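Fold and geometry: a report
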Amino acid sequence: MTDFHSALRSLRVWDTDLPSFDPATAPPEPLPLFHAWFTAAVEAGQTEPHTLSLATADEEGRPDVRTVMLHDADARGWHFASHATSAKGLQLAARPEAALGFYWPVQGRQVRIRGHVTAGTREEAYEDLHARSTGALAAALVGRQSELLDSPGILASASEAAWTRAEAEPDAPAPSWTLYVVAPAEVEFFQGDERRRHVRLRYRRTTDGDWTRELLWP
């Protein structure tokens, strides 16, 4: 425990020069700013900037969170994909609301999104899956995500069979694979500051469908 606490307290936060952010220059809608920040994170060398935390709630209202990959961000919303039969797929079917969290420490930035979730069409899911790697297709063909696993050997056997099929049939379908889109109701941009004068700009969708911008205390 002592080693843990020593290691924990030895860590620095944002041990780098942070960019400035003037919220007065922000665009009227959140998507262009997200695209700009994402591109800046890529150019700054952020590792896996397309990974994000996805939070959902189960049938009892208990929160659940995991890391997934961003597949797109457009006028419809933020896209990710998974099996409809997975834990998150079942949770979203029962409670189609989610929160997303991006963290890019190389620039001390976070983006938080909350909104309603819809499932794309079968055609969109198919195109999404087959635009990815052979390994992604093989993993999707294995399926059974979040189910109980009796032994690693069973997984190894199923994975080997799925890889063989993915290589032989690159157009093979994975029926439960689903593309999800989070239509944002709120999007917050957080810019860290070394003196802890963090900038928090929140976009909030109004009842008429427009966006309002507001600053939050850090």
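Below you will find a few notes about this structure. (Residues numbered from 1 in each chain as written. Predicted model: local features only at pLDDT ≥ 70, side-chain atom pairs only at ≥ 80, totals over all residues. Heavy atoms only, no water.)

Here's the deal with helix α2 (residues 30-43)
Applicable threshold: For the purposes of this entry, the term helix denotes a DSSP run of H or I that reaches at least four residues, the term strand denotes a run of E that reaches at least two, and both are numbered from the N terminus. To estimate the expected span of a helix, subtract one from its residue number and multiply by 1.5 Å. Burial status follows relative accessibility: with a 1.4 Å probe on protein chains alone, a residue under 20% of its type maximum counts as buried, one over 50% as exposed, and anything between as partly exposed. To obtain the arc, one takes the directions from the helix axis to the C-beta atoms.
When the terminal C-alpha atoms of α2 are compared, their 20 Å separation across 14 residues agrees well with the 20 Å that a helix rising 1.5 Å per residue should span. Buried within α2 are the following residues: Pro30, Leu31, Leu33, Phe34, Trp37 and Ala41. Seen along its axis, α2 keeps its buried residues to an arc of 160°; they face one direction. Just beyond α2, the residue with positive phi is Gly45, at close to 85°.

Comments concerning unusual backbone geometry
Leaving glycine aside, a negative phi is the common case for residues, and trans is the common case for peptide bonds. The phi angle at Glu48 is positive, at roughly 45°, despite the residue not being glycine. By secondary structure assignment, the location of Glu48 is in the loop between α2 and β1 (51-57). One non-glycine residue, Ser146, lies in positive phi territory at about 80°. Here Ser146 falls in the exposed class, since its relative accessible area comes to 54%.

Some thoughts on the environment of Thr56
Structurally, Thr56 can be placed in strand β1. Assessed through its relative accessible area of 4%, Thr56 is described here as buried. In this structure the C-alpha to C-alpha distance between Thr56 and Leu100, which are 44 residues apart in sequence, comes to 9.2 Å.

Focus on the packing of helix α5 (residues 134-142) against helix α6 (residues 152-168)
Applicable threshold: In this description, a line fitted to the C-alpha atoms serves as the axis of each element, helices being fitted only across the stretch in contact, and the angle between N-to-C directions of two axes falls anywhere from 0 to 180 degrees. Note on terminology: angles under 35 degrees are roughly parallel, angles over 145 are roughly antiparallel, angles of 65 to 115 are roughly perpendicular, and the others are oblique. In a left-handed crossing the near helix is turned counterclockwise from the far helix by less than a right angle, and in a right-handed crossing that turn is clockwise. Throughout, a contact is declared for two residues whenever any of their heavy atoms are within 4.5 Å.
Direction vectors running N to C along α5 and α6 enclose 125°, while the axes themselves pass 8 Å from each other. Here α6 runs oblique to α5, going by the angle between their axes. Crossing of α5 over α6 shows right-handed handedness. Touching Thr134, Gly135, Leu137, Ala138, Leu141 and Val142 of α5 are Ala158, Ser159, Ala162, Trp163, Arg165, Ala166 and Glu167, all from α6.

Focus: the packing of aromatic side chains
Cut-off, in case you're wondering: Ring geometry is summarised as follows: Phe, Tyr and Trp rings, the Trp one being its six-membered ring, pair when their centres sit within 6.5 Å, and such pairs are stacked at plane angles under 30 degrees, edge-to-face over 60 and tilted between the two. Throughout this description, the term charge over a ring refers to an Arg CZ or Lys NZ atom that lies within 6 Å of the ring centre and within 35 degrees of the ring normal.
Overall, the coordinates contain twelve aromatic pairs when judged by the stated rule. Relative to Trp37, the ring of Phe21 has its centre 5.2 Å away and its plane inclined at 80°; by these criteria the two rings are edge-to-face. Of this pair, Phe21 sits in the loop between α1 (2-9) and α2 while Trp37 sits in helix α2, placing them 16 residues apart in sequence. Neither residue differs from the other here; Phe21 and Trp37 are each classed as buried. For the pair Phe80 and Tyr180, a centre-to-centre distance of 5.4 Å together with 25° between the ring planes defines the contact as stacked. Separated by 100 residues along the polypeptide, Phe80 in strand β4 (residues 77-83) and Tyr180 in strand β7 (residues 177-191) bring together distant segments of the chain. Note that Arg109 overlies the ring of Trp37, its terminal NZ or CZ placed 4.1 Å from the centroid.

With respect to the pattern of salt bridges
Opposite charge on two side chains permits them to pair, given that their charged atoms come into close proximity. Condition: A pair is scored as a salt bridge if a Lys or Arg side-chain nitrogen falls within 4 Å of a carboxyl oxygen belonging to Asp or Glu.
Enumeration over the complete set of coordinates arrives at eleven salt bridges. A salt bridge links Glu186 to Arg114; its shortest N-O distance comes to 3.2 Å. Here Glu186 is found in strand β7, whereas its partner Arg114 is found in strand β6 (residues 109-119), with 72 residues between them in sequence. Given the relative accessible area of 47%, Arg114 is considered partly exposed.

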